[in-house]
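This is what each chain is made of:
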Amino acid sequence: MSSTARAVEADWPDAYRVNRWVRHLSSEARAEMALEGFTRFPRWMWRNRDVVDFLQWLHSHNATLPPSRRVGFYGLDLYSLHASIDAVLSYLRKIDPEAAERARYRYSCFEDFGEDPQAYGYAARIGLSRSCEDDVVEQLLELRRRAATYASRDGQIAADEYFFAEQNARLVRNAEEYYRSMFGGHVESWNLRDSHMLETLEALLAHVRQTAGDTRAVIWAHNSHLGDARATEMGDMGELNLGQLVRQTHGAEAFLVGFTTHTGTVTAAANWDEPAERKRVRPSIAGSYERLFHETGLSRFLLLLREGPVREAMRDARLERAIGVIYRPGSERLSHYFRARLSDQFDAVLHIDETSALEPLERWARDEIDLPETYPSGI
């Protein structure tokens, strides 16, 4: 059975625009246009040449399938509070103007903070502003009460549009809680974020199943979200993650895959909301899984970890490196290494000894290392 969903570490409304393009539901001519919704940090994570190549392939692949079996592209993350509010209002204005006015009134609770949800979260957390929690919950409940009416107006198209709107309303509810939690500690906000990802995934699977029958999803996210947190220092600190939650929900039907590298280059920022830089990845340190894999002398290989002697050999805790959208080589041991039991963390690991940085679509990334003058355009 082939999968019918690609679920990624990206915001729901931005990814849904891509979803419409790959499923031949929009008039945009190219993948680059469908990706134009990705404007906030870290936009290069999805606006890059590798993603464009994949989306072009998926668009062509879907052309050979009946509409009900076309593979979608969906976001699991919750940073799009204001974009999701706009999406809910836009949907309701088309089908129920009176409901749209009620929604606008409820969401106006955020207006004093402009486009800065963190400012709202801080003010609500310390009591400088009232919480918008009741407003966003009531809006989601009203939308759900009218689900049957809204979703039945024009067959599958109406059902898809309602599902998109409902997920945006649910995202607003969860994002409101997330931004308040940011000032209560990292563990609380991290757990809310990954719990939202699972909630979105389960809703997505249920929705796709209605039209495609039995289905499965391929999830694309950083190792820190997809490896089982219980096998890492994250779990020791009380953090959970999507990989752990998927395993707990789906058991052996879940298959967790991680990626490791010894050295190479990476496109990343030094701090959140700063420009991307093409950075040299330092060789992995002694005692780490990455160094162990490098010492095999193989340029790339796949480890299957569910059973057998390899599983037993990888159960001892070692250091493991995590590089996401932030990379700080100057403090690499403190910033990027943690202890993990690899065979409990993943079902398989793909090691590529030397990797290459992805190529952003825009020439706005700074270059930290010596690069050709034409990077990243290649012209």
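What counts as what
Residues numbered from 1 in each chain as written. Predicted model: local features only at pLDDT ≥ 70, side-chain atom pairs only at ≥ 80, totals over all residues. Heavy atoms only, no water. Helix = DSSP H or I, 4+ residues; strand = E, 2+ residues; numbered from the N terminus. Rg over C-alpha atoms; globule rule 2.2 N^0.38 Å. Contact = heavy atoms within 4.5 Å. Lys, Arg positive; Asp, Glu negative; His and termini not counted. Charge placed at Lys NZ, Arg CZ, Asp CG, Glu CD. Core = buried A, V, L, I, M, F, W, Y, C linked by side-chain atoms within 4.5 Å. Buried < 20%, exposed > 50% of the residue type's maximum accessible area, 1.4 Å probe, protein only. Pairing = 2+ DSSP bridges. Axes fitted to C-alpha atoms, helices over the stretch in contact; angles between N-to-C directions. Salt bridge = Lys/Arg side-chain N within 4 Å of Asp/Glu carboxyl O. Phe/Tyr/Trp six-rings, centres within 6.5 Å; stacked < 30°, edge-to-face > 60°.

Draft legend 1. Representation of the overall build of the protein in the model. A tally of helices and strands in the protein yields 17 helices and twelve strands. The C-alpha radius of gyration of the protein comes to 22 Å, within 12% of the 21 Å expected for a compact globule of 379 residues. Relative to all contacts within the protein whose residues are 6 or more apart in sequence, the contacts with residues 24 or more apart total 72%. Side chains of the protein carry 47 positive and 58 negative charges; the gap between the two charge centres is 2 Å.

Draft legend 2. Highlighting the side chain of serine 80. Examined against the element boundaries, serine 80 turns out to sit in the loop between strand S2 (72-77) and helix H4 (81-95). Those residues in contact with serine 80 that lie beyond four places of it in its chain are Asp11, Trp12, Pro13 and Leu171.

Draft legend 3. Representation of the nonpolar core in the model. Ranked by size, the top nonpolar core spans 54 residues in total, and within it Leu92, Tyr107, Phe110 and Leu143 carry the most contacts. Looking at this core element by element, the count peaks at ten residues for helix H9 (residues 155-181). Setting aside chain neighbours within four positions, we find leucine 92 in contact with Pro97, Ala99, Ala100, Ala103, Gln139, Leu143 and Tyr150. Membership of the second largest hydrophobic core comes to 25 residues, among which are Val8, Met45, Phe73 and Ala269.

Draft legend 4. Representation of the pairing of strand S10 (residues 348-352). Relative to S10, strand S4 (residues 257-260) runs parallel, the two sharing four bridges. Each residue of the ladder has a partner; that of threonine 260, found in S10, is histidine 351. Examined bridge by bridge, strand S7 (residues 300-304) and S10 share five bridges and lie antiparallel to one another. Residue leucine 303 lies in a different strand from S10, and its bridge partner there is valine 349.

Draft legend 5. Layout of unusual backbone geometry. With an omega dihedral of -5 degrees, the bond running from phenylalanine 41 to proline 42 counts as a cis peptide bond. Here proline 42 is to be found in the loop between helix H2 (31-34) and helix H3 (49-62). Phi at aspartate 273 takes a positive value of approximately 70 degrees, unusual for a residue other than glycine. Within the secondary structure, aspartate 273 sits in the loop between strand S5 (263-268) and strand S6 (277-281). Accessibility expressed as a relative area gives 58% for aspartate 273, which makes it exposed.

Draft legend 6. Quick look at the sheet that holds S10. What the three strands build is an open sheet, ordered S4-S10-S7; its pairing is mixed. With partners counted over all chains shown, the strands left at the sheet margins are S4 and S7, one partner each. Going across the sheet, the axis of each strand differs from the next one's by a mean of 15 degrees, ignoring polarity.

Draft legend 7. Examining the pattern of salt bridges more closely. The final tally for this structure, using the stated rule, is 34 salt bridges. Residues lysine 279 and glutamate 277 are paired through a salt bridge, measuring 3.1 Å at the closest nitrogen-oxygen approach. Residue lysine 279 shares its accessibility class with glutamate 277, and that shared class is buried. The residue arginine 315 makes a salt bridge to aspartate 344 at a minimum N-O spacing of 3.3 Å. In this pair, arginine 315 is assigned in the loop between helix H15 (309-313) and strand S8 (318-321) and aspartate 344 in helix H17 (residues 342-345), connecting sequence segments 29 residues apart. The class of arginine 315 is partly exposed, set by a relative accessible area of 33%. Among the charged side chains, a network of salt bridges with common partners joins Asp96, Arg102, Arg106, Glu138, Glu142, Arg145 and Arg146.

Draft legend 8. The environment of proline 97, seen in detail. With respect to the element layout, proline 97 can be found in helix H5 (residues 97-107). The class of proline 97 is exposed, set by a relative accessible area of 53%. Sequence separation between proline 97 and asparagine 62 is 35 residues, and the spatial gap between their C-alpha atoms is 35 Å.

Draft legend 9. Up close: the sheet that holds strand S3 (residues 217-220). Spatial ordering of the open sheet is given by S2-S1-S3, a layout of three strands whose pairing is parallel. Single-partner strands in this sheet number two, and they are S2 and S3. Along the sheet, successive strands turn relative to each other by an average axial angle of 30 degrees, direction set aside. Across five bridges, strand S1 (residues 5-11) lies against S2 in parallel orientation. Bridge pairing links arginine 6 to phenylalanine 73 in S2. Each of S1 and S2 is contacted by helix H1 (residues 12-22), which is oriented at about 175 degrees to S2, the strand it contacts most.

Draft legend 10. Examining the side chain of serine 343 more closely. As for its position among the elements, serine 343 is in helix H17. When sequence neighbours within four positions are dropped, the list of residues in contact with serine 343 reads Leu305, Arg311, Met314 and Arg315.

Draft legend 11. Expanded view of the packing of aromatic side chains. This structure, assessed with the given rule, holds 21 aromatic pairs. Between tryptophan 46 and phenylalanine 73 the ring centres are 6.3 Å apart and the planes differ by 85 degrees, which places this aromatic pair in the edge-to-face class. Of this pair, tryptophan 46 sits in the loop between H2 and H3 while phenylalanine 73 sits in strand S2, and the two are 27 residues apart along the sequence. Taken as a pair, tryptophan 46 and phenylalanine 73 share a single burial class, namely buried. The interplanar angle of 75 degrees and the centroid separation of 5.7 Å between the aromatic rings of tyrosine 79 and tyrosine 178 together place this pair among those described as edge-to-face. Here the residue tyrosine 79 occupies a position in the loop between S2 and H4, and tyrosine 178 occupies one in helix H9, the gap between them amounting to 99 residues.

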